[in-house]
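# Geometric and topological summary
As a plain string of letters, each chain reads:
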Amino acid sequence: MMKKLAAIAGYTASAFLALVICAAFWGLAEQTKELSWSAFNDPYLWRVLRFSLWQALLSALLACIGGILLARAWFYLQPRSLNWQLRLANLCFVCPVILVVLGCVGSFGLNGFWQHLAPFSWKIYGLSGILIAHTFLNMPLIARYCYLQYQAIPASYWRQGKQLGFSQFSYWRLIEWPMLRSRLAGLFGLVFLLCFGSFTIVLALGGGPQSTTLEVAIYQALRYDFDPLFALQCALLQLLIATSLGWLLLGREQQDSIRHQQSLTSIHQHSTLSLTWHRLIITSYYLFIISVVLGMFSPLLALSWQALPWQQWIESSLWSLNIALQSVVWVLILGSALLWQYSSNLSQNKGAKRHKGQELLASVMLLAPAMVITTGLFFLLLSRTDISRYTVPLVALINALMSLPFYMRSLKPALNDSVKQYAKLNQSLDLPALSQVRFIYWPLMRKPLSVAISLCMVLSLGDMGVIALIGSVDVTTLPLLLFQQLSSYQYALASATGLIMLLLCGVIFYLLDISLGRDNAEHI
(Lines give C-alpha, C1' and ligand atoms only; values in the text may rest on other atoms or scores of the structure.)
Protein backbone atom coordinates (compact mmCIF):
# COMPACT_ATOMS: atom_id res chain seq x y z
CA MET A 1 0.00 0.00 0.00
CA MET A 2 2.75 2.43 0.96
CA LYS A 3 4.59 1.64 -2.26
CA LYS A 4 1.52 2.60 -4.28
CA LEU A 5 1.10 5.81 -2.28
CA ALA A 6 4.78 6.68 -2.86
CA ALA A 7 4.36 6.11 -6.59
CA ILE A 8 1.19 8.23 -6.69
CA ALA A 9 2.89 11.06 -4.77
CA GLY A 10 5.95 11.00 -7.01
CA TYR A 11 4.02 10.93 -10.26
CA THR A 12 1.66 13.67 -9.04
CA ALA A 13 4.61 15.94 -8.21
CA SER A 14 6.19 15.16 -11.59
CA ALA A 15 2.90 15.89 -13.37
CA PHE A 16 2.60 19.22 -11.56
CA LEU A 17 6.14 20.21 -12.54
CA ALA A 18 5.46 19.21 -16.13
CA LEU A 19 2.21 21.22 -16.06
CA VAL A 20 3.98 24.38 -14.88
CA ILE A 21 6.67 23.97 -17.54
CA CYS A 22 4.11 23.30 -20.27
CA ALA A 23 2.10 26.34 -19.15
CA ALA A 24 5.23 28.49 -19.42
CA PHE A 25 6.02 27.11 -22.87
CA TRP A 26 2.40 27.62 -23.90
CA GLY A 27 2.66 31.25 -22.87
CA LEU A 28 5.78 31.56 -25.01
CA ALA A 29 4.18 29.69 -27.91
CA GLU A 30 1.18 32.03 -27.96
CA GLN A 31 3.50 34.87 -28.81
CA THR A 32 5.29 33.02 -31.63
CA LYS A 33 2.51 33.86 -34.10
CA GLU A 34 4.16 37.26 -34.43
CA LEU A 35 7.65 35.75 -34.58
CA SER A 36 9.55 35.25 -37.82
CA TRP A 37 13.10 34.26 -38.63
CA SER A 38 13.78 37.77 -39.88
CA ALA A 39 13.08 39.06 -36.37
CA PHE A 40 16.32 37.41 -35.23
CA ASN A 41 18.36 39.59 -37.60
CA ASP A 42 18.80 42.13 -34.83
CA PRO A 43 22.40 43.23 -34.17
CA TYR A 44 21.56 44.22 -30.59
CA LEU A 45 20.12 40.75 -29.86
CA TRP A 46 23.27 39.00 -31.07
CA ARG A 47 25.49 41.45 -29.19
CA VAL A 48 23.56 40.62 -26.02
CA LEU A 49 23.95 36.90 -26.73
CA ARG A 50 27.71 37.22 -27.31
CA PHE A 51 28.19 39.10 -24.05
CA SER A 52 26.04 36.56 -22.16
CA LEU A 53 28.20 33.68 -23.38
CA TRP A 54 31.48 35.58 -22.94
CA GLN A 55 30.88 36.66 -19.34
CA ALA A 56 29.60 33.17 -18.40
CA LEU A 57 32.67 31.53 -19.95
CA LEU A 58 35.11 33.89 -18.20
CA SER A 59 33.26 33.57 -14.89
CA ALA A 60 33.29 29.76 -15.04
CA LEU A 61 36.99 29.70 -15.98
CA LEU A 62 37.96 32.05 -13.15
CA ALA A 63 35.86 30.07 -10.66
CA CYS A 64 37.39 26.75 -11.78
CA ILE A 65 41.01 27.97 -11.81
CA GLY A 66 40.67 29.71 -8.44
CA GLY A 67 38.73 26.79 -6.97
CA ILE A 68 41.35 24.22 -8.02
CA LEU A 69 44.20 26.33 -6.61
CA LEU A 70 42.33 26.80 -3.32
CA ALA A 71 41.36 23.11 -3.03
CA ARG A 72 44.96 22.11 -3.69
CA ALA A 73 46.19 24.50 -0.99
CA TRP A 74 43.63 23.14 1.49
CA PHE A 75 44.60 19.56 0.74
CA TYR A 76 48.36 20.03 0.98
CA LEU A 77 48.36 22.31 4.04
CA GLN A 78 45.43 20.71 5.96
CA PRO A 79 44.88 23.81 8.17
CA ARG A 80 43.27 23.29 11.57
CA SER A 81 40.35 25.51 10.63
CA LEU A 82 39.59 23.48 7.51
CA ASN A 83 36.07 22.51 8.61
CA TRP A 84 35.20 26.15 9.15
CA GLN A 85 36.69 27.09 5.80
CA LEU A 86 34.52 24.47 4.08
CA ARG A 87 31.44 25.84 5.84
CA LEU A 88 32.40 29.35 4.74
CA ALA A 89 32.53 28.06 1.16
CA ASN A 90 28.91 26.94 1.47
CA LEU A 91 27.88 30.28 2.98
CA CYS A 92 29.45 32.22 0.10
CA PHE A 93 27.39 30.23 -2.41
CA VAL A 94 24.07 30.83 -0.61
CA CYS A 95 24.80 34.47 0.25
CA PRO A 96 22.04 36.74 -1.16
CA VAL A 97 23.29 37.97 -4.51
CA ILE A 98 22.30 41.57 -3.95
CA LEU A 99 24.50 41.59 -0.82
CA VAL A 100 27.44 40.47 -2.93
CA VAL A 101 26.72 43.34 -5.31
CA LEU A 102 26.71 45.76 -2.37
CA GLY A 103 30.02 44.32 -1.13
CA CYS A 104 31.68 44.64 -4.53
CA VAL A 105 30.55 48.26 -4.89
CA GLY A 106 31.62 49.07 -1.32
CA SER A 107 35.11 47.59 -1.66
CA PHE A 108 36.00 47.87 -5.36
CA GLY A 109 33.72 50.74 -6.45
CA LEU A 110 34.62 54.36 -7.06
CA ASN A 111 34.44 55.20 -3.36
CA GLY A 112 35.66 51.79 -2.17
CA PHE A 113 38.72 51.43 0.00
CA TRP A 114 40.63 49.48 -2.66
CA GLN A 115 40.28 52.44 -5.04
CA HIS A 116 41.93 54.66 -2.42
CA LEU A 117 44.73 52.17 -1.67
CA ALA A 118 45.59 51.28 -5.27
CA PRO A 119 47.87 53.57 -7.34
CA PHE A 120 45.44 53.37 -10.28
CA SER A 121 41.66 53.41 -10.68
CA TRP A 122 39.25 51.12 -12.49
CA LYS A 123 35.54 50.81 -13.23
CA ILE A 124 33.47 48.40 -11.17
CA TYR A 125 30.51 48.66 -13.55
CA GLY A 126 30.85 46.41 -16.56
CA LEU A 127 32.54 43.09 -17.16
CA SER A 128 35.08 43.49 -14.33
CA GLY A 129 32.41 43.93 -11.66
CA ILE A 130 30.38 41.01 -13.00
CA LEU A 131 33.43 38.73 -12.90
CA ILE A 132 34.33 39.76 -9.34
CA ALA A 133 30.82 39.05 -8.04
CA HIS A 134 30.52 35.72 -9.88
CA THR A 135 33.93 34.64 -8.57
CA PHE A 136 32.92 35.42 -4.99
CA LEU A 137 29.80 33.27 -5.33
CA ASN A 138 31.12 30.31 -7.32
CA MET A 139 34.83 29.86 -6.60
CA PRO A 140 34.30 28.55 -3.03
CA LEU A 141 31.76 26.04 -4.38
CA ILE A 142 34.27 24.72 -6.92
CA ALA A 143 36.98 24.62 -4.25
CA ARG A 144 34.84 22.59 -1.87
CA TYR A 145 33.95 19.91 -4.42
CA CYS A 146 37.50 19.74 -5.78
CA TYR A 147 38.78 19.26 -2.23
CA LEU A 148 36.40 16.33 -1.79
CA GLN A 149 37.77 14.91 -5.03
CA TYR A 150 41.32 15.27 -3.69
CA GLN A 151 40.27 13.22 -0.67
CA ALA A 152 39.12 10.47 -3.01
CA ILE A 153 42.66 9.96 -4.39
CA PRO A 154 43.97 6.63 -2.97
CA ALA A 155 47.04 6.87 -0.75
CA SER A 156 48.77 4.25 -2.92
CA TYR A 157 48.96 6.80 -5.76
CA TRP A 158 50.97 9.19 -3.60
CA ARG A 159 53.27 6.40 -2.40
CA GLN A 160 53.97 5.32 -5.96
CA GLY A 161 54.66 8.93 -6.92
CA LYS A 162 57.15 9.21 -4.07
CA GLN A 163 58.89 5.98 -5.10
CA LEU A 164 59.18 7.23 -8.70
CA GLY A 165 60.49 10.61 -7.57
CA PHE A 166 57.64 12.70 -8.96
CA SER A 167 58.00 16.47 -9.07
CA GLN A 168 55.11 18.74 -8.13
CA PHE A 169 54.20 19.07 -11.79
CA SER A 170 54.25 15.29 -12.24
CA TYR A 171 51.94 14.85 -9.25
CA TRP A 172 49.56 17.32 -10.85
CA ARG A 173 49.72 15.87 -14.38
CA LEU A 174 49.60 12.17 -13.53
CA ILE A 175 47.60 11.97 -10.29
CA GLU A 176 45.64 15.12 -9.47
CA TRP A 177 44.33 16.26 -12.85
CA PRO A 178 43.01 12.83 -13.98
CA MET A 179 41.02 12.62 -10.73
CA LEU A 180 39.74 16.19 -10.95
CA ARG A 181 38.64 16.36 -14.57
CA SER A 182 35.89 13.74 -14.11
CA ARG A 183 34.19 16.06 -11.62
CA LEU A 184 35.25 19.36 -13.15
CA ALA A 185 33.22 19.04 -16.37
CA GLY A 186 29.95 18.90 -14.44
CA LEU A 187 31.02 21.71 -12.09
CA PHE A 188 32.11 23.89 -14.99
CA GLY A 189 28.74 23.29 -16.68
CA LEU A 190 26.83 24.12 -13.50
CA VAL A 191 28.72 27.37 -12.91
CA PHE A 192 28.48 28.31 -16.59
CA LEU A 193 24.70 27.88 -16.55
CA LEU A 194 24.36 29.81 -13.27
CA CYS A 195 26.41 32.70 -14.68
CA PHE A 196 24.69 32.50 -18.08
CA GLY A 197 21.35 32.95 -16.32
CA SER A 198 22.66 35.57 -13.90
CA PHE A 199 20.27 38.48 -13.47
CA THR A 200 20.80 40.53 -10.32
CA ILE A 201 24.57 40.89 -10.71
CA VAL A 202 24.37 41.95 -14.35
CA LEU A 203 21.44 44.29 -13.73
CA ALA A 204 23.25 46.05 -10.88
CA LEU A 205 26.86 45.92 -12.13
CA GLY A 206 26.41 45.77 -15.90
CA GLY A 207 26.56 49.51 -16.27
CA GLY A 208 24.75 49.87 -19.61
CA PRO A 209 23.65 48.26 -22.87
CA GLN A 210 27.16 47.03 -23.67
CA SER A 211 27.10 44.72 -20.62
CA THR A 212 23.63 43.22 -20.90
CA THR A 213 22.75 39.53 -20.76
CA LEU A 214 19.66 37.83 -22.14
CA GLU A 215 17.90 37.78 -18.75
CA VAL A 216 18.44 41.49 -18.21
CA ALA A 217 17.31 42.15 -21.78
CA ILE A 218 14.07 40.24 -21.06
CA TYR A 219 13.52 42.32 -17.93
CA GLN A 220 14.13 45.59 -19.75
CA ALA A 221 11.92 44.60 -22.68
CA LEU A 222 8.96 43.75 -20.43
CA ARG A 223 9.30 46.31 -17.64
CA TYR A 224 10.41 49.41 -19.52
CA ASP A 225 9.90 49.06 -23.28
CA PHE A 226 7.05 46.51 -23.13
CA ASP A 227 8.35 44.76 -26.20
CA PRO A 228 7.04 41.17 -25.83
CA LEU A 229 8.48 40.13 -29.19
CA PHE A 230 12.06 41.00 -28.22
CA ALA A 231 11.57 39.38 -24.80
CA LEU A 232 10.35 36.23 -26.55
CA GLN A 233 13.41 36.19 -28.82
CA CYS A 234 15.74 36.43 -25.83
CA ALA A 235 13.80 33.77 -23.92
CA LEU A 236 13.90 31.31 -26.82
CA LEU A 237 17.62 31.83 -27.41
CA GLN A 238 18.39 31.42 -23.72
CA LEU A 239 16.24 28.29 -23.47
CA LEU A 240 17.90 26.73 -26.52
CA ILE A 241 21.47 27.44 -25.40
CA ALA A 242 20.97 26.61 -21.72
CA THR A 243 19.22 23.32 -22.52
CA SER A 244 21.87 22.29 -25.04
CA LEU A 245 24.76 23.12 -22.72
CA GLY A 246 22.97 21.49 -19.80
CA TRP A 247 22.57 18.19 -21.64
CA LEU A 248 26.17 18.37 -22.85
CA LEU A 249 27.93 19.36 -19.62
CA LEU A 250 25.71 18.42 -16.69
CA GLY A 251 25.24 14.92 -18.02
CA ARG A 252 28.91 14.20 -17.29
CA GLU A 253 28.50 14.95 -13.58
CA GLN A 254 29.43 11.98 -11.41
CA GLN A 255 28.47 10.95 -7.91
CA ASP A 256 30.89 11.54 -5.06
CA SER A 257 32.91 8.57 -3.91
CA ILE A 258 33.27 8.49 -0.15
CA ARG A 259 36.77 7.75 1.07
CA HIS A 260 38.72 8.43 4.20
CA GLN A 261 40.84 11.56 4.22
CA GLN A 262 44.40 10.84 3.19
CA SER A 263 47.33 12.14 5.23
CA LEU A 264 50.16 13.39 3.04
CA THR A 265 52.60 14.28 5.81
CA SER A 266 53.99 10.75 5.86
CA ILE A 267 53.96 10.28 2.08
CA HIS A 268 56.19 13.03 0.77
CA GLN A 269 57.70 16.27 1.94
CA HIS A 270 56.82 19.64 0.46
CA SER A 271 59.38 22.23 -0.49
CA THR A 272 59.41 25.59 1.24
CA LEU A 273 58.49 27.28 -2.03
CA SER A 274 55.46 25.01 -2.47
CA LEU A 275 54.21 25.62 1.07
CA THR A 276 54.69 29.37 0.66
CA TRP A 277 52.74 29.29 -2.60
CA HIS A 278 49.80 27.45 -0.97
CA ARG A 279 49.75 29.83 2.01
CA LEU A 280 49.76 32.79 -0.39
CA ILE A 281 46.74 31.35 -2.20
CA ILE A 282 44.75 30.88 1.02
CA THR A 283 45.74 34.35 2.23
CA SER A 284 44.67 35.93 -1.07
CA TYR A 285 41.37 34.06 -0.93
CA TYR A 286 40.55 35.33 2.55
CA LEU A 287 41.67 38.83 1.66
CA PHE A 288 39.20 38.75 -1.23
CA ILE A 289 36.35 37.36 0.91
CA ILE A 290 36.99 39.84 3.75
CA SER A 291 37.17 42.73 1.28
CA VAL A 292 33.71 41.97 -0.09
CA VAL A 293 32.27 41.47 3.41
CA LEU A 294 33.76 44.78 4.59
CA GLY A 295 32.36 46.43 1.48
CA MET A 296 28.89 45.27 2.47
CA PHE A 297 28.92 47.03 5.82
CA SER A 298 31.57 49.79 5.66
CA PRO A 299 28.92 52.33 4.46
CA LEU A 300 27.21 51.90 7.84
CA LEU A 301 29.80 54.31 9.25
CA ALA A 302 28.18 57.11 7.24
CA LEU A 303 24.62 56.17 8.22
CA SER A 304 22.46 58.83 9.78
CA TRP A 305 20.67 57.08 12.61
CA GLN A 306 17.85 59.63 12.65
CA ALA A 307 14.71 59.04 10.64
CA LEU A 308 15.53 55.51 9.57
CA PRO A 309 12.93 53.85 7.28
CA TRP A 310 11.72 51.34 9.86
CA GLN A 311 8.31 51.04 8.26
CA GLN A 312 9.86 50.17 4.90
CA TRP A 313 12.15 47.61 6.46
CA ILE A 314 9.34 45.93 8.39
CA GLU A 315 7.04 45.74 5.37
CA SER A 316 9.82 44.47 3.09
CA SER A 317 10.90 41.89 5.68
CA LEU A 318 7.33 40.61 6.00
CA TRP A 319 6.94 40.34 2.23
CA SER A 320 10.27 38.50 1.95
CA LEU A 321 9.40 36.07 4.74
CA ASN A 322 5.92 35.53 3.30
CA ILE A 323 7.33 34.59 -0.10
CA ALA A 324 10.12 32.45 1.42
CA LEU A 325 7.66 30.50 3.60
CA GLN A 326 5.31 29.85 0.70
CA SER A 327 8.27 28.79 -1.41
CA VAL A 328 9.46 26.33 1.26
CA VAL A 329 5.96 24.81 1.48
CA TRP A 330 6.06 24.18 -2.28
CA VAL A 331 9.55 22.69 -2.02
CA LEU A 332 8.59 20.41 0.86
CA ILE A 333 5.52 19.12 -0.96
CA LEU A 334 7.16 18.56 -4.35
CA GLY A 335 10.61 17.49 -3.17
CA SER A 336 9.38 15.14 -0.45
CA ALA A 337 6.96 13.44 -2.86
CA LEU A 338 9.76 12.84 -5.37
CA LEU A 339 12.17 11.62 -2.69
CA TRP A 340 9.50 9.34 -1.21
CA GLN A 341 9.07 7.59 -4.53
CA TYR A 342 12.85 7.50 -4.99
CA SER A 343 13.38 5.81 -1.60
CA SER A 344 10.60 3.31 -2.35
CA ASN A 345 12.20 2.40 -5.68
CA LEU A 346 15.65 2.27 -4.08
CA SER A 347 14.50 -0.22 -1.45
CA GLN A 348 13.19 -2.43 -4.26
CA ASN A 349 16.31 -1.95 -6.43
CA LYS A 350 14.35 -0.62 -9.38
CA GLY A 351 13.30 2.57 -11.09
CA ALA A 352 16.72 4.24 -11.27
CA LYS A 353 16.29 5.40 -14.87
CA ARG A 354 12.73 6.48 -14.19
CA HIS A 355 13.78 8.63 -11.25
CA LYS A 356 16.65 10.10 -13.25
CA GLY A 357 14.06 11.60 -15.60
CA GLN A 358 12.05 12.92 -12.65
CA GLU A 359 15.17 14.48 -11.11
CA LEU A 360 15.96 16.14 -14.43
CA LEU A 361 12.41 17.51 -14.45
CA ALA A 362 12.92 18.84 -10.91
CA SER A 363 16.16 20.51 -12.07
CA VAL A 364 14.45 22.30 -14.93
CA MET A 365 15.51 25.72 -13.63
CA LEU A 366 19.13 24.82 -14.37
CA LEU A 367 18.25 24.04 -17.99
CA ALA A 368 15.44 26.56 -18.51
CA PRO A 369 16.48 29.59 -16.42
CA ALA A 370 13.98 31.27 -14.13
CA MET A 371 13.53 34.28 -16.38
CA VAL A 372 12.43 32.03 -19.27
CA ILE A 373 9.79 30.24 -17.15
CA THR A 374 8.74 33.54 -15.61
CA THR A 375 8.40 35.14 -19.05
CA GLY A 376 6.20 32.28 -20.27
CA LEU A 377 3.92 32.42 -17.24
CA PHE A 378 3.87 36.23 -17.50
CA PHE A 379 2.62 36.03 -21.09
CA LEU A 380 0.09 33.32 -20.19
CA LEU A 381 -1.47 35.30 -17.33
CA LEU A 382 -1.16 38.71 -18.94
CA SER A 383 -3.88 38.07 -21.53
CA ARG A 384 -6.21 36.28 -19.11
CA THR A 385 -6.19 38.05 -15.77
CA ASP A 386 -4.76 40.84 -13.66
CA ILE A 387 -1.26 39.53 -13.03
CA SER A 388 -0.75 41.77 -9.98
CA ARG A 389 -3.25 39.63 -8.07
CA TYR A 390 -0.99 36.59 -8.40
CA THR A 391 2.34 38.26 -7.74
CA VAL A 392 3.20 36.66 -4.39
CA PRO A 393 2.05 33.07 -5.15
CA LEU A 394 3.71 33.14 -8.57
CA VAL A 395 7.01 34.46 -7.19
CA ALA A 396 6.90 31.84 -4.41
CA LEU A 397 6.27 29.03 -6.90
CA ILE A 398 9.10 30.05 -9.23
CA ASN A 399 11.47 30.49 -6.29
CA ALA A 400 10.48 26.99 -5.17
CA LEU A 401 11.34 25.58 -8.60
CA MET A 402 14.72 27.33 -8.35
CA SER A 403 15.37 25.82 -4.91
CA LEU A 404 14.06 22.31 -5.65
CA PRO A 405 17.30 20.93 -7.20
CA PHE A 406 19.33 22.06 -4.17
CA TYR A 407 16.76 20.57 -1.77
CA MET A 408 16.87 17.18 -3.45
CA ARG A 409 20.65 17.11 -3.80
CA SER A 410 21.03 18.03 -0.12
CA LEU A 411 18.85 15.13 1.03
CA LYS A 412 19.67 12.38 -1.47
CA PRO A 413 23.06 11.33 0.01
CA ALA A 414 21.59 10.88 3.50
CA LEU A 415 18.52 9.15 2.07
CA ASN A 416 20.71 6.79 0.05
CA ASP A 417 22.73 5.81 3.12
CA SER A 418 19.60 5.35 5.25
CA VAL A 419 17.81 3.12 2.75
CA LYS A 420 20.89 1.01 1.97
CA GLN A 421 21.62 0.45 5.66
CA TYR A 422 18.11 -0.25 6.96
CA ALA A 423 15.90 -1.36 4.03
CA LYS A 424 16.56 -5.08 4.55
CA LEU A 425 16.21 -4.73 8.31
CA ASN A 426 12.83 -3.06 7.88
CA GLN A 427 11.68 -5.84 5.57
CA SER A 428 12.83 -8.59 7.94
CA LEU A 429 11.16 -6.97 10.96
CA ASP A 430 8.10 -5.98 8.91
CA LEU A 431 8.02 -2.56 10.61
CA PRO A 432 5.04 -0.31 9.84
CA ALA A 433 5.84 2.67 7.64
CA LEU A 434 5.19 5.20 10.41
CA SER A 435 7.52 3.34 12.77
CA GLN A 436 10.24 3.31 10.10
CA VAL A 437 9.93 7.05 9.67
CA ARG A 438 9.80 7.79 13.41
CA PHE A 439 12.56 5.54 14.71
CA ILE A 440 14.93 5.14 11.75
CA TYR A 441 14.65 7.70 8.97
CA TRP A 442 13.66 10.82 10.91
CA PRO A 443 16.67 10.78 13.31
CA LEU A 444 19.02 10.29 10.35
CA MET A 445 17.35 12.83 8.05
CA ARG A 446 16.56 15.68 10.45
CA LYS A 447 19.96 17.37 10.24
CA PRO A 448 20.18 17.30 6.42
CA LEU A 449 16.54 18.38 6.30
CA SER A 450 17.21 21.43 8.47
CA VAL A 451 20.13 22.42 6.21
CA ALA A 452 18.04 21.87 3.05
CA ILE A 453 15.09 23.92 4.31
CA SER A 454 17.41 26.70 5.50
CA LEU A 455 19.09 26.75 2.11
CA CYS A 456 15.75 26.97 0.28
CA MET A 457 14.48 29.77 2.53
CA VAL A 458 17.65 31.81 2.16
CA LEU A 459 17.72 31.36 -1.62
CA SER A 460 14.09 32.49 -1.86
CA LEU A 461 14.55 35.37 0.58
CA GLY A 462 17.58 36.68 -1.31
CA ASP A 463 16.19 36.34 -4.84
CA MET A 464 15.39 39.53 -6.75
CA GLY A 465 14.99 38.47 -10.38
CA VAL A 466 11.42 37.14 -10.37
CA ILE A 467 9.95 39.85 -8.14
CA ALA A 468 11.69 42.52 -10.22
CA LEU A 469 10.00 41.24 -13.39
CA ILE A 470 6.44 40.55 -12.25
CA GLY A 471 6.30 42.41 -8.94
CA SER A 472 3.81 45.18 -8.31
CA VAL A 473 4.32 48.52 -6.62
CA ASP A 474 2.71 47.23 -3.43
CA VAL A 475 5.11 44.28 -3.07
CA THR A 476 8.68 45.27 -2.22
CA THR A 477 10.98 42.61 -0.81
CA LEU A 478 14.25 43.27 0.97
CA PRO A 479 16.45 42.51 -2.08
CA LEU A 480 14.31 44.77 -4.25
CA LEU A 481 14.46 47.54 -1.63
CA LEU A 482 18.23 47.19 -1.41
CA PHE A 483 18.53 47.42 -5.20
CA GLN A 484 16.37 50.56 -5.25
CA GLN A 485 18.61 52.13 -2.59
CA LEU A 486 21.74 51.19 -4.54
CA SER A 487 20.26 52.65 -7.72
CA SER A 488 19.66 55.96 -5.94
CA TYR A 489 23.21 55.92 -4.45
CA GLN A 490 21.94 55.54 -0.87
CA TYR A 491 24.82 53.25 0.06
CA ALA A 492 24.48 53.69 3.83
CA LEU A 493 20.79 52.74 3.78
CA ALA A 494 21.53 49.88 1.39
CA SER A 495 24.17 48.59 3.80
CA ALA A 496 21.67 48.75 6.69
CA THR A 497 19.10 46.87 4.58
CA GLY A 498 21.75 44.28 3.75
CA LEU A 499 22.52 43.86 7.45
CA ILE A 500 18.84 43.23 8.16
CA MET A 501 18.73 40.67 5.36
CA LEU A 502 21.85 38.92 6.67
CA LEU A 503 20.45 38.85 10.21
CA LEU A 504 17.23 37.31 8.89
CA CYS A 505 19.21 34.60 7.11
CA GLY A 506 21.20 33.91 10.27
CA VAL A 507 18.02 33.68 12.36
CA ILE A 508 16.52 31.25 9.84
CA PHE A 509 19.58 28.98 9.98
CA TYR A 510 19.67 29.16 13.79
CA LEU A 511 15.98 28.48 14.39
CA LEU A 512 15.88 25.56 11.99
CA ASP A 513 19.08 24.14 13.46
CA ILE A 514 17.79 24.18 17.06
CA SER A 515 14.36 22.88 16.04
CA LEU A 516 15.33 20.20 13.50
CA GLY A 517 19.07 19.73 13.51
CA ARG A 518 19.91 19.69 17.23
CA ASP A 519 20.28 16.43 19.16
CA ASN A 520 20.77 14.60 15.90
CA ALA A 521 23.67 12.62 17.28
CA GLU A 522 21.63 11.27 20.17
CA HIS A 523 19.31 9.41 17.82
CA ILE A 524 21.98 7.75 15.68
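Residues numbered from 1 in each chain as written. Predicted model: local features only at pLDDT ≥ 70, side-chain atom pairs only at ≥ 80, totals over all residues. Heavy atoms only, no water.

## Here's the deal with the overall build of the protein chain
The condition that has to hold: Elements are defined by DSSP. Helices are runs of H or I of four residues or more, strands are runs of E of two residues or more, and each kind is numbered from the N terminus. Type-normalised accessible area, obtained with a 1.4 Å probe on protein chains alone, sets the label of each residue: buried when under 20%, exposed when over 50%, and partly exposed for intermediate values. Contacts: residue pairs with any heavy atoms within 4.5 Å of one another. A 1.4 Å probe and the Shrake-Rupley method give the accessible areas. Residues count as covered only by the protein chains that appear here.
Counting its regular elements, the protein chain contains 22 helices and zero strands. Counting all 524 residues of the protein chain, 54% fall into the buried class. Considering only contacts within the protein chain whose residues lie at least 6 apart along the sequence, 84% involve residues at least 24 apart. Carbon and sulfur atoms make up 64% of the accessible area of the protein chain, which totals about 25100 Å².

## Observations regarding unusual backbone geometry
As a rule of thumb, non-glycine residues mostly have phi less than zero, and peptide bonds are mostly trans rather than cis. Of note in this structure, Q78 is not a glycine but carries a positive phi near 50 degrees. With a phi close to 60 degrees, Y489 is a non-glycine residue in the positive phi region. In this fold, Y489 is placed in the loop between α20 (478-487) and α21 (491-517).

## Thoughts on helix α2 (residues 43-77)
Side chains of residues three or four places apart in an α-helix project in the same direction, reflecting 3.6 residues per turn. This is how it is decided: What a helix is expected to span follows from its residue count: subtract one and scale by 1.5 Å. Definition of a polar contact: a pair of N or O atoms within 3.5 Å, with one able to donate and the other able to accept a hydrogen when the atoms are protein atoms, and with sequence-neighbouring residues admitted only if both atoms are side-chain atoms.
When the terminal C-alpha atoms of α2 are compared, their 51 Å separation across 35 residues agrees well with the 51 Å that a helix rising 1.5 Å per residue should span. Capping the start of α2, D42 holds a side-chain oxygen 3.1 Å from the backbone nitrogen of Y44, two or three residues further along. Of the residues one or two after α2, Q78 is the one with positive phi, at around 50 degrees.

## Here's the deal with the packing of aromatic side chains
Here is the rule: Working definition: rings of Phe, Tyr and Trp (its six-membered ring) pair if their centres are within 6.5 Å, and the pair is stacked with planes under 30 degrees apart, edge-to-face with planes over 60 apart, and tilted otherwise.
Under the definition given, this model contains 18 aromatic pairs. Consider the rings of W310 and W313, whose centres lie 5.2 Å apart with planes at 90 degrees: the pair is edge-to-face. With a gap of three residues between them, W310 and W313 both fall in helix α13 (residues 310-347), about one helical turn apart. On the basis of relative accessibility, which here comes to 53%, the residue W310 falls in the exposed class.

## Regarding the side chain of T477
Following the sequence through the fold, T477 ends up in the loop between α19 (465-470) and α20. On the basis of relative accessible area, T477 is assigned to the buried category, the value being 4%. Contacts of T477, omitting those with residues within four sequence positions, involve S316, W319, S320, I323 and I467.

## A few points about a nonpolar patch on the surface
Let me state the cut-off plainly: Surface patches are drawn from residues lacking salt bridges whose relative accessible area is over 30%; two like charges belong together within 9 Å, two nonpolar side chains (Val, Leu, Ile, Met, Phe, Trp, Tyr) within 5 Å. When a carboxyl oxygen of Asp or Glu lies within 4 Å of a side-chain nitrogen of Lys or Arg, that pair is called a salt bridge.
A cluster of nonpolar residues, W54, L57, L61, I65, L69, W277 and L280, forms a patch on the protein surface that exposes about 660 Å² of accessible area. Taken together, the elements giving at least two residues each to the nonpolar patch come down to α2 and α12 (272-297). Assignment of secondary structure puts L57 in helix α2.

## Some details on the side chain of T135
Along the chain, T135 falls in helix α6 (residues 127-151). Among all residues touching T135, those that are not within four sequence positions of it are L62, P140 and F288.

## Structural notes on helix α10 (residues 214-223)
Counting buried residues in α10 gives eight out of ten residues, a clear majority hidden from the surface. Buried within α10 we find L214, E215, V216, A217, I218, Y219, A221 and L222.

## A word on the nonpolar core
The criterion, for reference: The nonpolar core is taken to be a set of buried Ala, Val, Leu, Ile, Met, Phe, Trp, Tyr and Cys residues, with the residues joined through side-chain atoms within 4.5 Å.
With 162 residues, the main nonpolar core has W74, L205 and Y407 as its most contacted residues. When residues no more than four places from it in sequence are discounted, the contact partners of W74 are P79, L82, Q85, L86, A89, A143, R144, Y147, I282 and Y285.

## Overview of the pattern of salt bridges
A full pass over the atoms with the stated rule returns three salt bridges. E176 serves as the salt-bridge partner of R72, at 2.6 Å between the closest nitrogen and oxygen. With a gap of 104 residues between them, R72 in helix α2 and E176 in helix α8 (residues 168-196) connect regions that are remote in the sequence. Here the two residues R72 and E176 agree in accessibility, since each one is buried. The closest approach of N and O atoms between D513 and K447, which form a salt bridge, is 2.7 Å.

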